[in-house]
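This is what each chain is made of:
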Amino acid sequence: LASIMFLISGRTALHLALMSGKEPLVKMLLAYGAKPDIQECKGGKTGLLLALEQGNQSLAGLMLCYRASLSMPSWGGVTPASLCSENRKQSDQLI
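Residues numbered from 1 in each chain as written. Predicted model: local features only at pLDDT ≥ 70, side-chain atom pairs only at ≥ 80, totals over all residues. Heavy atoms only, no water.

*Asks:* How do you make sense of the side chain of Glu40 when you look at a structure like this?
*Replies:* When you line up the elements, Glu40 lands in the loop between helix H3 (23-31) and helix H4 (47-53). A relative accessible area of 2% places Glu40 in the buried class. With residues near it in sequence (within four places) discarded, Glu40 still touches Gly10, Arg11, His15, Lys45 and Trp75. (Helix = DSSP H or I, 4+ residues; strand = E, 2+ residues; numbered from the N terminus. Buried < 20%, exposed > 50% of the residue type's maximum accessible area, 1.4 Å probe, protein only. Contact = heavy atoms within 4.5 Å.)

*Asks:* Please clarify how the side chain of Thr79 should be interpreted in this entry.
*Replies:* With respect to the helices and strands, the residue Thr79 is situated in the loop between helix H5 (57-65) and helix H6 (80-94). Assessed through its relative accessible area of 14%, Thr79 is described here as buried. Of note is the side chain of Thr79, whose polar atom sits 2.9 Å from the backbone nitrogen of Ser82. Setting aside residues up to four positions removed in sequence, Thr79 forms contacts with Leu49, Leu70, Ser71, Met72 and Pro73. (Polar contact = N/O pair within 3.5 Å; in protein donor to acceptor, adjacent residues only side chain to side chain.)

*Asks:* How should the pattern of salt bridges be read in this particular structure?
*Replies:* Where charged atoms from two side chains of opposite charge come close, those side chains can pair. Across all of its chains, the model carries three salt bridges by this definition. Two residues, Glu40 and Arg11, come together in a salt bridge whose shortest N-O distance is 3.9 Å. Residue Glu40 is located in the loop between H3 and H4, and its partner Arg11 is located in the loop between helix H1 (2-9) and helix H2 (13-20); the two are separated by 29 residues in the primary sequence. (Salt bridge = Lys/Arg side-chain N within 4 Å of Asp/Glu carboxyl O.)

*Asks:* What should I look at first to understand unusual backbone geometry in this one?
*Replies:* Located in the positive-phi region is Arg67, a residue other than glycine, with phi close to 65°. Position of Arg67 among the secondary structure elements: in the loop between H5 and H6.

Listed below in structure tokens is the structure:
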């Protein structure tokens, strides 16, 4: 079933759990061996990048605990580190 879901949406169960904000499910998937740096097909986003785009610090922290990469780029060249840096620059401009 998970393979069929990936073929249809280009996303793994981990991507879908992250996008839904289901922290217990994300924890379970990672504990059972889900790869934190697997990229979804459409844009090449990793789970960490998806969590950061949603502003979900808790899930982003969880992904980092499972050694998600800060430097894995999406197909467009965006990395989690560059997204954090850009968000920081924008918040500094508001102050």
